[in-house]
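# Examining the three-dimensional arrangement
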Amino acid sequence: MPTVRLNGLQKIYPGKGKNPPVEAVKKIDLEIQDREFMVLVGPSGCGKSTTLRMIAGLEEVNDGTIAIDDYIVNELPPKDRDIAMVFQNYALYPHMTVFENIAFGLKLRKFPKTEIQNRVEEAARNLGIEDLLNRRPKALSGGQRQRVAVGRAIVRKPKIFLFDEPLSNLDAKTRAFTRMEISKLHSRLDATMIYVTHDQIEAMTMGDRICVMNDGEIMQTADPLELYNKPANLFVAGFIGSPSMNFINGRVKRKDGKVLLCEIGTSENVMQIELGPRLSSLAESHVGKELILGIRPENLIISPGKTQAGNGVDLEIEVIEPMGNETLLYLSNGVTSVTARAASDSQLNIGEQLKVGFDLGNAHLFDPTTELSLS
């Protein structure tokens, strides 16, 4: 039985002055299973934090319902929803010690002193902050403050934990460590967690399932590998993965019994890509029409020199980015630009011509009008 169910959830912010109302969340449906780690991910302004705040009761719902354990909670105040929320800015009381910050919610609920002591110490052990309990927030690092904020949530032992971009204020090293700690905490607590982020690396590494949002709508909900390997549309394909998927605009043609995607551009720069059996079966009903080929950087096969006839395409290196464990190449023929991965010890130079082949086993075709994947 789902722990959280959103049905037709909508949020509209009224317009100000001459500005029209803004529909921040557009009648979305989503189910979060019991003990699941669900991540809401998308660009800034896509409606993910607004959705989280409606679940928490911090934003009014304009339409639709929020059900927790099949009980509709739209009219319940936040304190009665049995939810704990961790905010981006930590929201710690500067005049209180770490112990007092973590214990504050329990004291408001008039828990016995012994239980407060036991719960705070247990949370501190889980988070590795036992030696910080007598310090004040100003004496803590950003990562330590965030763990205190998480501790304040877990001592309440709520049904659901909500995280609103909790790592965005941390440096890269601390963010990676804290990301791992939250994932370990989910396993230890065996609790339902809903986590909001704009960082797709956080989403891919933490979520049991990921809900990708854009412009107030849900684009796709799936486990990380399915999102990466089977994106439902152009937005998900371009948003999930770093570097992003390459997109090549072309027109489908049939030549000598083969189905080709011919790049749309000037006649001297047209690349022709033989689609192979799987993609050809998807594209053959679109002969004469435009489609978009999506292919990830790791599926471009590069080698020095120019191609022979019918053997890949010629592209020039425009930018080289050494990443340590690999090198990213930004390639172009003057019409289309793509990104490829190369070995870290590749001896390549800007301006060099490469022949580039396409491993189409994991490639995708998208309809440019609907932006949906053909598969």
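Sequence positions are assigned chain by chain, starting from 1 and proceeding in written order. Selection of residues for local features in this predicted model requires a pLDDT of at least 70, selection of side-chain atom pairs for listing and counting requires 80 or more, and totals for whole chains, interfaces and linings are taken over all residues. Side-chain numbers come from the whole structure's heavy atoms, not from hydrogens or water.

Turning our eyes to something else, we now look at the environment of K18. Secondary structure elements are defined from DSSP: runs of H or I of at least 4 residues count as helices, runs of E of at least 2 residues count as strands, and each element is numbered from the N terminus. When you line up the elements, K18 lands in the loop between β1 (4-13) and β2 (22-32). By relative accessible area, K18 is classed as exposed at 86%. Once the C-alpha coordinates of K18 and A176 are considered, the two residues, 158 residues apart in sequence, prove to be 44 Å apart. We call a residue buried when its accessible area falls under 20% of the maximum for its residue type, exposed when it is over 50%, and partly exposed in between, using a 1.4 Å probe and counting protein chains only.

A separate point is empty space enclosed by the protein. Empty pockets left among the atoms are what a rolling probe the size of a water molecule brings to light. Method remark: on a 1 Å grid restricted to protein atoms, a set of points is classed as a cavity if a 1.4 Å probe fits but cannot get out and as a pocket if it is open with protein on both sides within 12 Å along at least five of seven lines; lining residues have an atom within 4 Å of a point. Grid points are joined across faces, edges and corners, and a volume is the space filled by probe spheres set on the points. Under the defined criterion, the tally for this structure stands at 1 cavity of 30 Å³ or more. By volume, the largest cavity amounts to about 30 Å³. Contributing to the lining of the largest cavity are L127, R147, V150, T178, E181, I182 and L185. Among the secondary structure elements, those contributing two or more residues to the lining of the largest cavity are α4 (142-154) and α5 (172-189). The element contributing the most residues to the lining of the largest cavity is α5, with 4 residues. Across the lining of the largest cavity, the residue classes tally to 4 nonpolar, 1 polar and 2 charged. Throughout, the ten residues Ala, Val, Leu, Ile, Met, Phe, Trp, Tyr, Cys and Pro are labelled nonpolar, Asp, Glu, Lys and Arg are labelled charged, and all others, Gly among them, are labelled polar.

We treat two strands as partners when DSSP finds at least two bridges between them. The strand order across the open sheet built from 4 strands is β2-β1-β4-β5, with neighbouring strands paired in antiparallel fashion. At either margin of the open sheet sits one strand with a lone partner, and together these are β2 and β5 (71-72). Pairing of β1 with strand β4 (residues 63-68), which is carried by 5 bridges, proceeds in the antiparallel orientation. By the bridge assignment for β4, N7 is matched with T65. Sheet strands in contact with helix α1 (residues 48-56) are β1, β2 and β4, and its direction is about 115 degrees off that of β1. Contact between two residues is taken to exist if any of their heavy atoms lie within 4.5 Å; hydrogens are not considered. Interaxial angle, 0 to 180 degrees, is taken between N-to-C directions of lines fitted to C-alpha atoms, where a helix line uses only the stretch in contact.

Looking now at the side chain of T51. With respect to the helices and strands, T51 occurs in helix α1. Setting aside chain neighbours within four positions, we find T51 in contact with L6, L9, V25, I28, L40 and M213.

As for its position among the elements, R135 is in the loop between α3 (113-127) and α4. Among the residues examined, R135 registers a relative accessible area of 34% and is labelled partly exposed. Setting aside chain neighbours within four positions, we find R135 in contact with M96, T97, V98 and L140.

It is worth spelling out the packing of helix α2 (residues 98-108) against α3 at this point. Interhelical geometry of α2 versus α3 gives an angle of 130 degrees and a closest axis separation of 10 Å. It follows that α2 is oblique to α3 by the angle criterion. In this structure, the crossing between α2 and α3 has a hand that is right-handed. Contacts between α2 and α3 involve F99, I102, A103, L106 and K107 on the former and, on the latter, I116, Q117, R119 and V120. Here the contact of α2 with α3 is built from residues that sort into 6 nonpolar, 1 polar and 2 charged. The labels follow the angle: roughly parallel below 35 degrees, roughly antiparallel above 145, roughly perpendicular from 65 to 115, and oblique for the rest. Each crossing is labelled by how the near helix is turned from the far one, with a counterclockwise turn of less than a right angle marking it left-handed and a clockwise turn marking it right-handed.

Right, let's get into the side chain of D199. Within the element layout of this structure, D199 appears in the loop between β8 (192-197) and α6 (200-206). Apart from residues no more than four positions distant in its own chain, D199 is found in contact with V41 and R175.

If the charged atoms of two oppositely charged side chains come close together, the side chains can form a pair. One speaks of a salt bridge when a side-chain nitrogen belonging to Lys or Arg is within 4 Å of a carboxyl oxygen belonging to Asp or Glu. Here the structure, examined in full by the defined rule, presents 20 salt bridges. With a shortest N-O distance of 3.1 Å, K26 and D215 are connected by a salt bridge. Here the residue K26 occupies a position in strand β2, and D215 occupies one in the loop between β9 (209-214) and β10 (217-222), the gap between them amounting to 189 residues. The class of K26 is partly exposed, set by a relative accessible area of 24%. Between D69 and K159 there is a salt bridge; the shortest N-O distance is 3.3 Å. Here D69, found in the loop between β4 and β5, pairs with K159, found in the loop between α4 and β7 (160-164); they are 90 residues apart in sequence, far enough to count as distant. Look at D69 and you get partly exposed, because its relative accessible area is 38%. Overall, K159 belongs to the partly exposed group, its relative accessible area being 41%. Via salt bridges that share partners, R5, E31 and D70 belong to a single interconnected network.

This brings us to the layout of surface pockets. Of the voids in this model, the second largest pocket is the one considered here, and its volume is about 500 Å³. Lining the second largest pocket are 18 residues, with I83, M85, F87, R109 and R156 sitting closest to its centre. Of all the secondary structure elements, the ones that give two or more residues to the lining of the second largest pocket are β6 (83-86), α2 and α4. By residue class, the composition of the lining of the second largest pocket is 13 nonpolar, 1 polar and 4 charged.

This part covers the packing of α2 against α4. Between α2 and α4, the least distance of the axes is 7 Å, while the angle of their chain directions is 30 degrees. For α2 against α4, the interelement crossing comes out right-handed. Where α2 abuts α4, its residues V98, N101 and I102 lie against V148, G151 and R152. For the contact of α2 with α4, the class distribution of residues is 3 nonpolar, 2 polar and 1 charged.

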